[in-house]
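As a plain string of letters, each chain reads:
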Protein chains: 4
Amino acid sequence: MIIVMNPTSTPENLEKVQQKILSMGLSYHLSKGASRTIVGVIGDKKVIADLQMNAFEGVEKTVRITEKYKLVSREFKPENTIVDVGGVKIGGPVPVVMAGPCAVESMEQLLEAAKAVKAGGAQFLRGGAFKPRTSPYDFQGLAEEGLQMLRKAGDETGLKVVTEIVDVNAVDLICKYADVLQVGARNMQNFQLLKAVGKAKKPVLLKRGLSATITEWLNAAEYIMSEGNDDVIFCERGIRTYETFTRNTLDLSAVAAIKELSHLPIIVDPSHGTGRWQMVRPMARAAIAAGADGLMIEVHPHPEMALSDGDQSLTPENFRQVMDEVHRIAAVMGRA
Amino acid sequence: MIIVMNPTSTPENLEKVQQKILSMGLSYHLSKGASRTIVGVIGDKKVIADLQMNAFEGVEKTVRITEKYKLVSREFKPENTIVDVGGVKIGGPVPVVMAGPCAVESMEQLLEAAKAVKAGGAQFLRGGAFKPRTSPYDFQGLAEEGLQMLRKAGDETGLKVVTEIVDVNAVDLICKYADVLQVGARNMQNFQLLKAVGKAKKPVLLKRGLSATITEWLNAAEYIMSEGNDDVIFCERGIRTYETFTRNTLDLSAVAAIKELSHLPIIVDPSHGTGRWQMVRPMARAAIAAGADGLMIEVHPHPEMALSDGDQSLTPENFRQVMDEVHRIAAVMGRA
Amino acid sequence: MIIVMNPTSTPENLEKVQQKILSMGLSYHLSKGASRTIVGVIGDKKVIADLQMNAFEGVEKTVRITEKYKLVSREFKPENTIVDVGGVKIGGPVPVVMAGPCAVESMEQLLEAAKAVKAGGAQFLRGGAFKPRTSPYDFQGLAEEGLQMLRKAGDETGLKVVTEIVDVNAVDLICKYADVLQVGARNMQNFQLLKAVGKAKKPVLLKRGLSATITEWLNAAEYIMSEGNDDVIFCERGIRTYETFTRNTLDLSAVAAIKELSHLPIIVDPSHGTGRWQMVRPMARAAIAAGADGLMIEVHPHPEMALSDGDQSLTPENFRQVMDEVHRIAAVMGRA
Amino acid sequence: MIIVMNPTSTPENLEKVQQKILSMGLSYHLSKGASRTIVGVIGDKKVIADLQMNAFEGVEKTVRITEKYKLVSREFKPENTIVDVGGVKIGGPVPVVMAGPCAVESMEQLLEAAKAVKAGGAQFLRGGAFKPRTSPYDFQGLAEEGLQMLRKAGDETGLKVVTEIVDVNAVDLICKYADVLQVGARNMQNFQLLKAVGKAKKPVLLKRGLSATITEWLNAAEYIMSEGNDDVIFCERGIRTYETFTRNTLDLSAVAAIKELSHLPIIVDPSHGTGRWQMVRPMARAAIAAGADGLMIEVHPHPEMALSDGDQSLTPENFRQVMDEVHRIAAVMGRA
């Protein structure tokens, strides 16, 4: 941590700052410039992380030099992590695709979707059994019945199953049916849930919060890893900005940022990221070109009949076109 | 809902849209302009709320006219709700003040803070026993021990107790010690938690999410009320913007917006809203002048020793000055 | 400037960084921690301001300690600046009010507005003769004819005149008619215009850009002052956020920030800041309570007939109510 | 326009709204729902564009159905516009690349950069002679001397020249030396400048404003086209969000949005869009995969010696690698 003293601060102010640092078992370097004295704090990173120096008189501002996360960082583990889901590898050479309807509505709908995404080349079936909805009056999902359908449709088509967990008490239930647990954007800082999936024996797909910084996202993953679960996959799904033409602003530079700062894999969800089915195709291509390890795409056999997110769901036919283009981009990237 | 047809849409496109509307038990008005046909959907608000028409061919865009929340709306209940917490009224003529340390650290610290805020004129003691922290390595709170201290300090000083709940399984535990349950910004769309506190028999203080719209915030309150709990208090605590000088951007226009759209009371937290103790005083004054029903302020006997949020905590002396000015503004507003 | 070296950086990387610093006539302090070496650069602030060190190999990040602006800073001039506009003082004990229609539409409309705002207690008549509009097909203002009307209405009612300048070539023209030159939000970083008004002999009202940081705003004022014009008044008018209920998010904490960092006065525009006339009253009160030196308010004799911004304009009757409440808040603040 | 009447509005309120509409020469459709009456306004788009109905009593809100821009819209001109710059086509099958230093510093530096970008496959040399800088104390460019160098370097290497215009009085001067006039992000709503370049006989590259919506950007282009200049090229360069890891958030979905709404070409600037040279490569690939018609990239022979934007400039060697990958993505897209 760097502490910048105010130009009008007194020697007594500085003395108190120095005492506090020493009292925490840390040491410091002083650097006196023309108008400001700067105190560089040295010592145990975790102790420094707890320092709060702005309340001291004479302190103009403080700057944190190192982040608190460790296990998720590339500094800690330089080589890429590959998450193995029953033989399907996420973060390896070949990009993966998770596709399916926003919400599980019926066995018939789900199976039709599963067959379509399998035919298109997806390795994972996605679908929500518990839906976190803005309004209490929106469709909230089929619960365990939906989980059973997901497992059945996955087994019939040979697809792995990924589904969202919203309840800290439902870990065992969902682990019974799913291959990957998804933590949604609205729960990215639901720390109880992060700790709970950190104790689970299944990989976790961690969506970026609606307005989460890269640093907060990495810290959320650290919550999971610090409980012993190393299989975390990031998923960029758009952030909240002032723009209203798209539902969210898909931040593809987050792919490059995560690759630089962490060893964990990252996939991209262009369906939620844009909120418009017409934009899924170009953004899916762009995500793979940016270096993403995979995609999550909403596909519904009949989008206009969907109970949620119909606006951003692809038809099976459109999905096939997207997959065709994605494969060609992946080939250029040496990843197909 | 208003459906705007694309200028290049066909009569068949329109026909399909009309059929879908009728199939949902709704009706419509057609309005044909020079370049666009507009379909106004009429009927049951909740059925319309589920309509998803952008996936239909020929639809340019859709516009929602009414929001989904009902119980929280001023349209539903025109007169102001006053939440009575054991005789202390929130939303009535006199603004309330909730003050205390960010986190409960020890009985000594808490009691010193409690006496100071009581002397300054606060009616509520605030303090966290379970802290939702960005990093798993930050201080996470004293848990039940912290709750016991809060109750004890509250009883000794005659202050009501408000504290944050982060775990859906902790409702009974916290209700045992606290007078008001606080749902924090990061959990504003943790719908499981909203439903759980909706079933509790204690008032709920609902902080605005870091990037929540007014509409999402109202819908979050609707989750609580739709479970039977009518005692909801909003708390504006700053939103996330591009500005970095302040920790968040305190949105005082939210006070006026909530007063227009809802009958529920709203208070303001200038400590988290700015992240700088120097700014708490002017923003506390401004909040009351904007019409807020109260304030939540971080006070620590020794901010420079605080385990969290020391940067934004007031000393007891500064708190007294703030309270003095707040009372004078409240008097002008006819609220003291 | 603080330079943080990467944990994997080599001694040669550090050597090159040190050489660059010395080659600029600067010096440095080294601080070697457990995992990172930190280089503190010392010397001439303006030379340091030009340093760009992230392109050097082995550099993890750089942190700027001091800002580039000087003349506008409170560090440079500790006491408040009072801008004297022909006897009316901005930044002194009494808050000023600038009011009038968004655009000058006719002599009749303007005079009616001028009389109303004068009666309400305003000291300045505002009105646009040149309107910067999002679309080229929107009403663009009456140009010089509008300026003449403003001067005439100002003289008849004893009000000072403030109006917006959008053209670098129009400084002389506008100075002929106006008492204060307004630089609008969309031109806050139109540096040619800033330099031009910096050479003018009239005070400048500098609105905050739609997404300008506090630092960028201070630097924009520095452009004006560095040309020799010391009479700059800041005007907070709302920033762009994700929230759509209000037209902008009025950032009242900017008042406290500017007061801390600069000696220049600051006023607040709750009309543009909210975009809703119903919100002008509470936000005007809050602005004064936050410590603003004045207000800018849109008043139109017949808002529903306004050619622009009717949605956010007050009627003369509403304006009187706002002024009454504002005066009472100002009195409590010791400013009336 | 759709006008939503408040549930508590009176028949007199509605009557006044209807009268206003008729008095403007427009007509309307009424649609009475269970709780709200909705008025659909029909008639001349430009007249409707000027309607401001929120100031009327009883109006809850208004919704605009059509945008004001026309000439730039795909509805007006369905086929793609190809801008021909002396034989180099922007918006045609082959993506173009504009590259060079942020600022022109010397003939030597510029020529070295020009040769490098030519060798890498660029068709345009970019470089700033007039630099809009946040602080008045930053390097402001070499002015006409810089323009002369640009022309000379362009002619020697066979590159077209694109450079930024910041002064409404400099159109003739810059047209003398440059092939394309660039309007920078900070001037996107400098309407005087837009009108001036609209009258010029050279193509205009219009960068997106720091917080401009897609609609505002299209309207800015409409200003240029409505003055008679049809050769407008959009350039996405990142928008301002809360994220601080990148300098801006590059919004690649803007490429798809512009392609849907307009016939004009669009290129992407990943250098300003990210502010980090390490991210230029993945974002350049992603931009082409998203469907962009070209790229603008900062290249400096010695980034660590650059007077501005060294942090985001590529070395010639890195530029060659980017170009190699970009060409392979373009080939897959059928555009090489």
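Residues numbered from 1 in each chain as written. Chains lettered and ligands numbered in written order. Predicted model: local features only at pLDDT ≥ 70, side-chain atom pairs only at ≥ 80, totals over all residues. Heavy atoms only, no water.

## A short note on the relation of the copies chain A and chain D
No. 1: For the pair chain A and chain D, the superposition axis carries a translation of 0.0 Å, the fit reaches an RMSD of 0.0 Å, and the rotation angle comes to 180°. Within this description, the copies of the chain are treated as partners about a two-fold rotation axis. Considering only C-alpha atoms, the residue of chain A closest to the rotation axis is A286 of chain A, which sits at 2.1 Å.
No. 2: The overlap is high: 100% of the interface residues of chain A also sit at the interface in chain D, so the same surface is used on both sides. (Least-squares fit on C-alpha atoms with pLDDT ≥ 70 in both. Contact = heavy atoms within 4.5 Å.)

## Describing the sheet that holds strand β4 (residues 59–63) of chain A
Residue and element names in this part refer to chain A.
No. 1: Read across the open sheet, the four strands follow the order β2-β3-β1-β4; overall the sheet is antiparallel. Since the sheet does not close on itself, it has two edges, and those belong to β2 (27–32) and β4, each with one partner. Averaged over all pairs of adjacent strands, the angle between their axes in this sheet comes to 20°, without regard to strand direction.
No. 2: Bridging between strand β1 (residues 2–5) and strand β3 (residues 37–42) involves three bridges; their strand directions are antiparallel. Within β3, the residue paired with I3 across the bridge is V39.
No. 3: Helix α1 (residues 11–23) contacts β1, β2, β3 and β4 of the sheet and is inclined by roughly 155° relative to β2. (Pairing = 2+ DSSP bridges. Helix = DSSP H or I, 4+ residues; strand = E, 2+ residues; numbered from the N terminus. Axes fitted to C-alpha atoms, helices over the stretch in contact; angles between N-to-C directions.)

## Brief notes about the interface of chain A and chain B
No. 1: Facing 49 residues of chain A, the contacting portion of chain B comprises 49 residues.
No. 2: Between chain A and chain B, roughly 4,300 Å² of surface is buried when both sides are summed, and carbon and sulfur atoms account for 45% of that area.
No. 3: Scanning the region where chain A abuts chain B turns up four salt bridges.
No. 4: Counting across the chain A and chain B interface gives 24 residue pairs in polar contact (both at pLDDT 80 or more).
No. 5: Of all the secondary structure elements, the ones that give two or more residues to the side of chain A that touches chain B are α6 (191–198) and α7 (214–225) of chain A. (Buried area = accessible area lost by both parts, 1.4 Å probe. Salt bridge = Lys/Arg side-chain N within 4 Å of Asp/Glu carboxyl O. Polar contact = N/O pair within 3.5 Å; in protein donor to acceptor, adjacent residues only side chain to side chain.)

## Some thoughts on the pattern of salt bridges
No. 1: Applying the stated criterion to the full structure yields 88 salt bridges over all chains.
No. 2: Between D179 of chain C and R151 of chain C there is a salt bridge, with the nearest N and O atoms lying 3.2 Å from each other. Taken together, the residues D179 of chain C in the loop between α5 (171–177) and β10 (180–183) and R151 of chain C in helix α4 (residues 144–157) connect sequence positions 28 residues apart.
No. 3: Two residues, E216 of chain D and R240 of chain C, come together in a salt bridge whose shortest N-O distance is 2.6 Å.

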